[in-house]
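Letter by letter, the chains look like this.
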4 protein chains.
Amino acid sequence: MEKLREECGVFGVYAKDNYDIAATTYYGLYALQHRGQESCGIAVCNDGIITAHKDLGLVADVFTPAVMAQAEPGHMAIGHVRYGTTGATDRNNAQPIVVNHCKGSLALAHNGNLVNAYALRQDLELNGSIFHTTSDTEVISYIITKARLTAPSIEEAVDRAMDKLQGAYSLVIMSATKLMAVRDPRGFRPLCYGQTPEGAYVVASESCALDAVGATLIRDVEPGEILVFDPQGVRSIRTHCGQEKRTMCVFEYIYFARPDSVMDGSPVHNARRWAGRFLAQEHPVEADVVVGVPDSGIDAAIGFAQASGIPYGVGLMKNKYIGRTFISPGQKSREDKVRIKLNPIAATVLGKRVVLIDDSIVRGTTSARIVKLLREAGAKEVHMRISAPPFLNPCYYGTDIDSRDMLIAAKYPVEEICRRIGADSLGYLRIEDVVKLAEGGGGFCTACFSGQYPTQVPENTKKYRFERKLSEKEPKP
Amino acid sequence: MEKLREECGVFGVYAKDNYDIAATTYYGLYALQHRGQESCGIAVCNDGIITAHKDLGLVADVFTPAVMAQAEPGHMAIGHVRYGTTGATDRNNAQPIVVNHCKGSLALAHNGNLVNAYALRQDLELNGSIFHTTSDTEVISYIITKARLTAPSIEEAVDRAMDKLQGAYSLVIMSATKLMAVRDPRGFRPLCYGQTPEGAYVVASESCALDAVGATLIRDVEPGEILVFDPQGVRSIRTHCGQEKRTMCVFEYIYFARPDSVMDGSPVHNARRWAGRFLAQEHPVEADVVVGVPDSGIDAAIGFAQASGIPYGVGLMKNKYIGRTFISPGQKSREDKVRIKLNPIAATVLGKRVVLIDDSIVRGTTSARIVKLLREAGAKEVHMRISAPPFLNPCYYGTDIDSRDMLIAAKYPVEEICRRIGADSLGYLRIEDVVKLAEGGGGFCTACFSGQYPTQVPENTKKYRFERKLSEKEPKP
Amino acid sequence: MEKLREECGVFGVYAKDNYDIAATTYYGLYALQHRGQESCGIAVCNDGIITAHKDLGLVADVFTPAVMAQAEPGHMAIGHVRYGTTGATDRNNAQPIVVNHCKGSLALAHNGNLVNAYALRQDLELNGSIFHTTSDTEVISYIITKARLTAPSIEEAVDRAMDKLQGAYSLVIMSATKLMAVRDPRGFRPLCYGQTPEGAYVVASESCALDAVGATLIRDVEPGEILVFDPQGVRSIRTHCGQEKRTMCVFEYIYFARPDSVMDGSPVHNARRWAGRFLAQEHPVEADVVVGVPDSGIDAAIGFAQASGIPYGVGLMKNKYIGRTFISPGQKSREDKVRIKLNPIAATVLGKRVVLIDDSIVRGTTSARIVKLLREAGAKEVHMRISAPPFLNPCYYGTDIDSRDMLIAAKYPVEEICRRIGADSLGYLRIEDVVKLAEGGGGFCTACFSGQYPTQVPENTKKYRFERKLSEKEPKP
Amino acid sequence: MEKLREECGVFGVYAKDNYDIAATTYYGLYALQHRGQESCGIAVCNDGIITAHKDLGLVADVFTPAVMAQAEPGHMAIGHVRYGTTGATDRNNAQPIVVNHCKGSLALAHNGNLVNAYALRQDLELNGSIFHTTSDTEVISYIITKARLTAPSIEEAVDRAMDKLQGAYSLVIMSATKLMAVRDPRGFRPLCYGQTPEGAYVVASESCALDAVGATLIRDVEPGEILVFDPQGVRSIRTHCGQEKRTMCVFEYIYFARPDSVMDGSPVHNARRWAGRFLAQEHPVEADVVVGVPDSGIDAAIGFAQASGIPYGVGLMKNKYIGRTFISPGQKSREDKVRIKLNPIAATVLGKRVVLIDDSIVRGTTSARIVKLLREAGAKEVHMRISAPPFLNPCYYGTDIDSRDMLIAAKYPVEEICRRIGADSLGYLRIEDVVKLAEGGGGFCTACFSGQYPTQVPENTKKYRFERKLSEKEPKP
């Protein structure tokens, strides 16, 4: 799939009494499934003992009724979903990571990406540490464990560890008695918490997961904040708050998050409709119908229609049964003849001038195929509008926009892209507009568009050496 | 799931030369998956020899890459998807049925339901016939085989068999050398055919399956028509055409078919938008936003919005990862607290008067839950509009609307239903309007709404005796 | 595997009250697993309703704890195991066959092979019958069902059907209220019955299955006999008894049956020891140790050792974990270097003159490999003795000795076979001796050795046409 | 199963050029499957990059053709099989362990048990180390990695690590360029090596695995020896040789090893026959037939028969299809009525005085059942002889004889055991004889019989605290 991927989603639940924590985490992960389809896991804490189950696969595939029936009871649990690449996957990298240690067990779930993971790991290895995975989450677990040797409490150990961690991290951490929610000082990735009617606290990457388990959103975890849930209630440790400028990933609003989530006070659905409105203002066009590419372009298409007065229509039908096991047509030559995943609705576009909205163009091949589909179904004109600025730079904070090579926008000017995808016109959202999408304002990271990174970034050589080195070692048969 | 179910979808492909027929059928069935999720099968004819693979499960689960790799080559294939009930399922009932017989092998795929299956089967058994399944498709295969003993050709045998078959049947039949598409004289169920750029003929329940394999729709198979595809080309046998009044199932337009299909000349998407328009005319209401229940109410919601001038909005988010393995919350009490499958988008409905569109109310519990969700998200009013008339009668032609007991509309007047689902107002489409949905007009079966059955129907005792008798015998361990 | 295969094993249980019939059948089939590893099935009768579960695979693989947990209760059940070929297998051919019919349901399990199946099927098809499988068991079920239309009872229908059936058949049949055990008039295949301490009757191909379920052997079903188990007790219908000369398959004693079974009064283990004794008398040799090929040659080796006075030794170790999923070495050239399935025990054979006993030589390659293994382990001489006469003729009664092409004994004289397998000497059991193996004497079918068939056999052309025709049609994807 | 279990089996292959290393390791593990059925794994080194695949299950279940098809090529590989307990199992504990480290990757496979694992782990954790498994193999990998930080080579690091490791360990270790075979200074567990005709070196727990891959045994790895295989050939590091008295586990000869293996120069089959001979001398009895319990008592039974002159017979038939998925009879009361796993052969024992040979009595229930089986089959007398002394003490060196509670011999005198198993007489092998079983003599560990431990053993409290602590943390859902 020609799609960008979020790294992960995290979830946690803390109840005073026994609670249906495994099921609650299951539903929470289901709601966060869009943030990661490669692997998932749940760690449960029952009377101080942490047990975990994790595997490659979707939540419903890993947590079958048989597996759920064996889940331990308890009053605390954390969960994780991890993104899927097309290539080699590794069961070892599934989270939560569980650390067995004489100073106390620990389970961690992480969304984000450290920029100094390589240096930290190098140091640790040269002191005799052994790594079993290639993920920077294991680095984080080491840094916390080392700090724990001298720190008076686990929260103090986490607080000290944050001095060393650089980059993006939203963490949910569970010790034998406490649940913690931790967000890096710049707040790259979202993290929020709420409470169920029964009084259990719930932490999640997105508010849609709170909804899924019947919890009410209290607020977002603040950048730099450590929230501690324990028998005394909730405490906030704010040592690292306010140290850095807030640089939330703007692509969460445009692309990654679910439309029914609210992040840092702003509904995602509204942000996307605003993107459509800005497009209508900046790239107006005479047309008969506005069509969104399902599912990612629907919200912005409605915003475009509302702002432009051009009617909104359903012009593309997505086959909802297409899953990961789908067999693609053997003969390359047939590929653009078949219409299995997406089929145009001629009744909507025949003889019409169509505005087509999507949230991104990565390599351009998918967009070209969709434009062609609409023309074959009788569209007279196809005007493509993208509800984000062009990607030009790799992301170091937890998405896989990591190489200029694959990004069409990094290679060609807009006119050439328009020609290559076969559209009659093409317009991108402006960087000036993208930072206006969230209602409360607040700072954003727009590095993938602008190249202005809010932190030091790994030298390319280092970064690539690190990645190659690890992936080469990845245990796959 | 509180949803009605179509019985089946059928598909067939006939190529002069060897063609990628198994893959073509696979893609065709993928596009028809919405017509049946219980079981599926493909039968391939390679140089006169018919081989089949069928099993319980979705197309992608049954036809794994490993299974597809072993598929026989050939120039002809047929396929079938069958609907899924929540209860006992039976691998034996999977289709296509393959008949090995000294007069020639035969494979059959069937969509519909005979009204005289019980009587035909009784006759056959009393002459020593043995049945291995509980499906009326096996009855059809017997009737054709018996006719074949004296008929000069397989198409003549099919033609003679049609004299005995009463009710709904769209069939795709494959002999050693010929492919046939057969539609009952009233045309209850859809069936159409087209051609690929390479010249292969394709038959399918819906045109979306022709699109999926890159074929162009030629026309629908006419009620009563037998189409024969053989080395000489296509021939039409019209002995049974024009005998009966056309009574296409109107619910195909409202509910079963995919919006991107065109049936008997009318686009389904348009029919649904018309349903929304008629609702806006017949049951107008002052409101701020029109919301469709995904996925079934979206098209009518757009039609309602267009006709009423009230803006269309996305007010409900459906979790696209929910599949059949989803574990429902253990405690009943929690059920209406969790929002896993459907979550309201508060940004759309908060403080608004909402028109909520769906295509049916079966037992009423789902509708009540959705109305409640919207109110919890801040909707001031919720006005429910249903893009079909109320179901009041069982269907004998291939859907599972088979008992008055479960139908809320058969038990209560509209006002009481409105009260029970908690809506501020409720309006159904009128029967007068439902027959206007398809553009070309043509006759419809509206028996489930009106109780006027186009054929004799089985006496209840007989029907139920038949069904009970068979299901009791169903081989399940 | 270079091994001959039995067609099938059958099992049945009849209890007056509810009894753990599914589990009883499961254990019975486990004990009969050696008679068929391709597929298995159990049909249960609960208050007149027959339900079945069957699939490809071993008993333990098909009847998982989950499947067994769903098994219906009841007071009657039958079961079947079917043999495995290396090539295409077919789930449709799994037994028991269940027939749903207005004159009453029926389940059948069959061991044997009809010699007139082709003719019977031809007749049936020309009267409009449809076949779903390629097995002659379906032919039997048709013949019985046709007879049932006019017969006053199911046992009378079976009795009449026997007039038409020619060849080998040991049947267990279950109607809504009765269990029947039927053995063909020549008694080709074994069948016996017994009783559990609780009073339930048990029918099985071999007495080892009675042992497995704690039942005591009463006696063998006689050739031509129909035993009826119903609420009145056991009845014997002997219409077809004594019509034909008894011709029990001698290979059951030599090869197919389990050593702990007793058939027609003779223990199988003793028969095999006698085979070893006869070999010692007919083909004596000076040697230091007698070694049996595990598991098939062990019993005869002990008999040879006892008769010759040469010590018995364990000279070959079989890997007991080798199952059907074993991957054979990719490179042909390596095949005779690896010793995965069988490894010599040098401590037994080093510097010794070895008598090596096996029960058959089919193509000769396995024997050659074993002789070579022993020599590599230091054996000075290897004298091969075979506890059966040479196969020279196809079997039409239920084993797969069906082609002369693959039989080394049909191609070469004994001296040449000896040379080809690399042995120092080679001796086969004489036909005169083979008929003395069973204690009670009684008639045997020795057609595979002697070519003297006890019934008319199908003309080759017919037989092969039939088989090819069916197998070509076998539904496999 | 009332059986003792070996901890593990290890395997390694080193070829100069590319070789079919994954398949070779697969066959080697197949031959070692009896040493561990819980989990297995293979790690391959391809041009310095180590990749591994491991999972719960038998070799054939984990290494399916699909998995093998994806195996990396290379010139070096190691493999491991791990034993199965009936209770909770853990995929994390599967081996080989792969360590990714900046000083070089490492893969380890381990058979044995450290007696100071708890102390070593405690030290490591207090220095900030994190453990992902509960196995002492991870402790070993840490100790080696720490040593590697300052050692000039991996073999030097292993040599230094051996100073710290106490207890039983036979290791196969693979670095990016070298394969190492390491045996603890007392040689508790076997380890040997050989060479294939193509020149590849093969290391294995038992020589039967060398046979399986066509390699010729060169010699056993000596206690304390490190063998290094690299491009220069084989080198031996003997720093730790001769430091300690050799104390090979005698139970390897009696019980664990395969009869076709040769360990430290002595064939296992001979050792077992000697055990039978000693029994015949020490516990003679008048009898008619000697029967071994399959498979463990067969070899000793032959030895007993040879020494006593009483004929050897096959008196018990084992169902070879019984695997781990077998469903045990639901009702406890039925358990001793059914004879599924083992059935007596009446033809052998009826009216006879039977000597019954097995290799151990653990809880006594299995022995009692077998004695009862033989009596029911008509045995007049049953004299039980055990080819080992009574277990009285826990083993700390890698078997699961770990609690006195379950050992019948620790609770009752021989006469009482005899009475409880229902035998007419009972005799055990003497400790004086057990040390004579191996031909070359050499020292043995007989601690489980004598209580004389060759090393310091963990205080009970420590040992159990360690085990409980770890198992509590074991990640299981």
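Analysis parameters
- Residues numbered from 1 in each chain as written.
- Chains lettered and ligands numbered in written order.
- Predicted model: local features only at pLDDT ≥ 70, side-chain atom pairs only at ≥ 80, totals over all residues.
- Heavy atoms only, no water.
- Salt bridge = Lys/Arg side-chain N within 4 Å of Asp/Glu carboxyl O.
- Helix = DSSP H or I, 4+ residues; strand = E, 2+ residues; numbered from the N terminus.
- Buried < 20%, exposed > 50% of the residue type's maximum accessible area, 1.4 Å probe, protein only.
- Axes fitted to C-alpha atoms, helices over the stretch in contact; angles between N-to-C directions.
- Parallel < 35°, antiparallel > 145°, perpendicular 65-115°, else oblique.
- Left-handed = near helix turned anticlockwise from the far one by under 90°.
- Contact = heavy atoms within 4.5 Å.
- Nonpolar A, V, L, I, M, F, W, Y, C, P; charged D, E, K, R; others polar.
- Least-squares fit on C-alpha atoms with pLDDT ≥ 70 in both.
- Expected span 1.5 Å × (residues − 1).
- Buried area = accessible area lost by both parts, 1.4 Å probe.
- Polar contact = N/O pair within 3.5 Å; in protein donor to acceptor, adjacent residues only side chain to side chain.
- Pairing = 2+ DSSP bridges.
- Phe/Tyr/Trp six-rings, centres within 6.5 Å; stacked < 30°, edge-to-face > 60°.

Turning our eyes to something else, we now look at the pattern of salt bridges. Note on pairing: side chains with opposite charge can pair once their charged atoms come close. Across all of its chains, the model carries 112 salt bridges over all chains by this definition. Residue Glu376 of chain B is joined to Lys372 of chain B by a salt bridge in which the shortest nitrogen-to-oxygen separation is 3.4 Å. Of the two residues, Glu376 of chain B and Lys372 of chain B both sit in helix α12 (residues 365-376), four residues apart, roughly one turn of that helix. Owing to a relative accessible area of 43%, Glu376 of chain B belongs among the partly exposed residues under this scheme. Between Glu416 of chain D and Arg420 of chain D there is a salt bridge, and its shortest N-O distance comes to 2.8 Å. With Glu416 of chain D and Arg420 of chain D both in helix α14 (residues 414-421) and four residues apart, the pair spans about one turn of that helix. A single network of salt bridges, built from pairs that share partners, joins Glu282, Arg430, Glu432, Asp433 and Lys436 of chain A.

What follows concerns the packing of helix α9 (residues 268-282) of chain B against helix α10 (residues 298-308) of chain B. For any two helices packed against each other, the geometry is given by the interaxial angle and the distance between the axes. Residues and elements named next belong to chain B. Closest axis-to-axis distance for the α9/α10 pair is 7 Å, and the angle between their directions is 50°. It follows that α9 is oblique to α10 by the angle criterion. α10 is crossed by α9, and the crossing has right-handed handedness. For the pair α9 and α10, the contacting residues are His269, Arg272, Arg273, Gly276, Arg277, Leu279 and Ala280 in the first and Asp299, Ala300, Ile302, Gly303, Phe304, Gln306, Ala307 and Ser308 in the second. Along the lines of polarity and charge, the residues of the contact of α9 with α10 split into six nonpolar, five polar and four charged.

Let's shift gears to the relation of the copies chain D and chain C. After a rotation of 180° and a shift along the axis of 0.0 Å, chain D superposes on chain C with an RMSD of 0.1 Å. Considering both components of the superposition, the chain copies are consistent with a two-fold axis. Mapped onto chain C, 100% of the interface residues of chain D again fall at the interface, so both copies present the same surface.

What follows covers helix α9 (residues 268-282) of chain C. All names here are of chain C. Relative to the 21 Å expected for 15 residues at 1.5 Å per residue, α9 spans 21 Å between its end C-alpha atoms, a close match to the ideal helical length. Along α9, eleven of the 15 residues are buried, which leaves the element largely enclosed by surrounding structure. Looking at α9, one finds that the buried residues are Val268, His269, Asn270, Ala271, Arg272, Arg273, Ala275, Gly276, Phe278, Leu279 and Ala280.

Tracing the backbone shows Ser205 of chain C in the loop between β10 (201-204) and α7 (207-212). Relative accessible area serves as the criterion here: at 1%, Ser205 of chain C is assigned to the buried category.

Glancing now at the interface of chain B and chain A. The partner chain A presents 60 residues to the 60 residues of chain B that form the contact. For the chain B and chain A pair, buried surface summed over both sides reaches about 4,600 Å², with 57% attributable to carbon and sulfur atoms. Measuring nitrogen to oxygen at the nearest pair gives 3.8 Å for the salt bridge that ties Lys320 of chain A to Asp295 of chain B. Inspection of the chain B/chain A interface yields twelve residue pairs in polar contact (both at pLDDT 80 or more). Mapped by element, the contributors of at least two residues to the side of chain B that touches chain A are α1 (21-31), α3 (65-69), α7 (207-212), α9, α10, β19 (316-318), β20 (342-344) and α11 (346-349) of chain B. Take the side of chain B that touches chain A: its biggest share by element is six residues, from α1 of chain B. Partitioned by chemical class, the residues of the side of chain B that touches chain A number 30 nonpolar, 17 polar and 13 charged.

Okay, the sheet that holds strand β8 (residues 179-183) of chain B next. Sheet strands line up and pair through hydrogen bonds in the backbone, either parallel or antiparallel. All names here are of chain B. Pairing is antiparallel across the open sheet formed by six strands, whose spatial order is β5-β6-β7-β8-β12-β13. Only two strands of the sheet have a single neighbouring strand rather than two, namely β5 (97-99) and β13 (233-237). Between one strand and the next, the sheet's axes are offset by a mean angle of 20°, whatever the strand orientation. Inspection of the sheet shows β5 paired to strand β6 (residues 106-114) by three bridges, in the antiparallel sense. Considered in β6, the bridge of Val98 is made with Ala107. Packed on one face of the sheet, helix α6 (residues 154-162) meets β6, β7 (167-174), β8, β12 (226-230) and β13 and runs near 15° to β8.

The transformation that overlays chain B on chain A combines an axial shift of 0.0 Å with a rotation of 180°, and the residual RMSD is 0.1 Å. When the interface residues of chain B are mapped onto chain A, 100% of them again fall at the interface, so both copies present the same face.

Residue and element names in this part refer to chain B. Taken in spatial order, the five strands of this open sheet run β18-β17-β21-β22-β23, and their pairing is parallel. The open sheet is flanked by β18 (312-313) and β23 (425-428), the only strands paired with a single partner. Bridge count between strand β21 (residues 353-358) and strand β22 (residues 381-386): six bridges; the pairing is parallel. Bridge pairing links Val355 to His383 in β22. Across the sheet, α10 is in contact with β17 (289-292), β18, β21 and β22; its angle to β17 comes to roughly 165°.

Evaluation of the coordinates by the stated rule reveals 70 aromatic pairs over all chains. Pairing Tyr201 of chain A with Phe229 of chain A gives two aromatic rings, centres 5.2 Å apart and planes at 40°, and the pair type is tilted. Remark: Phe229 of chain A occurs in strand β12 (residues 226-230) and Tyr201 of chain A occurs in strand β10 (residues 201-204); sequence separation between them is 28 residues. Ring geometry for Phe188 of chain C against Tyr397 of chain C: centres 4.1 Å apart, planes inclined by 15°, an arrangement best described as stacked. Residue Phe188 of chain C is located in the loop between β8 (179-183) and β9 (192-195), and its partner Tyr397 of chain C is located in the loop between β22 (381-386) and α13 (408-411); the two are separated by 209 residues in the primary sequence. Overall, the relative accessible area of 1% leaves Tyr397 of chain C in the buried class.

Looking at where Val213 of chain C falls in the secondary structure, it is placed in the loop between α7 and β11 (216-220). Taking the C-alpha atoms as reference points, Val213 of chain C and Arg258 of chain C, 45 residues apart in sequence, are found 16 Å from one another.

Attention now moves to the interface of chain D and chain C. Taken together, the contacts link 60 residues of chain D with 60 residues of chain C. Between the two partners, chain D and chain C, sit two salt bridges. For the pair chain D and chain C, the interface holds twelve residue pairs in polar contact (both at pLDDT 80 or more). Elements with a contribution of two residues or more to the side of chain D that touches chain C: α1 (21-31), α3 (65-69), α7 (207-212), α9 (268-282), α10 (298-308), β19 (316-318), β20 (342-344) and α11 (346-349) of chain D. Of the residues forming the side of chain D that touches chain C, the biggest block, six residues, is contributed by α1 of chain D. When the residues that make up the side of chain D that touches chain C are grouped by side-chain class, the tally is 30 nonpolar, 17 polar and 13 charged.

Shape descriptors only; they carry no functional weight alone.
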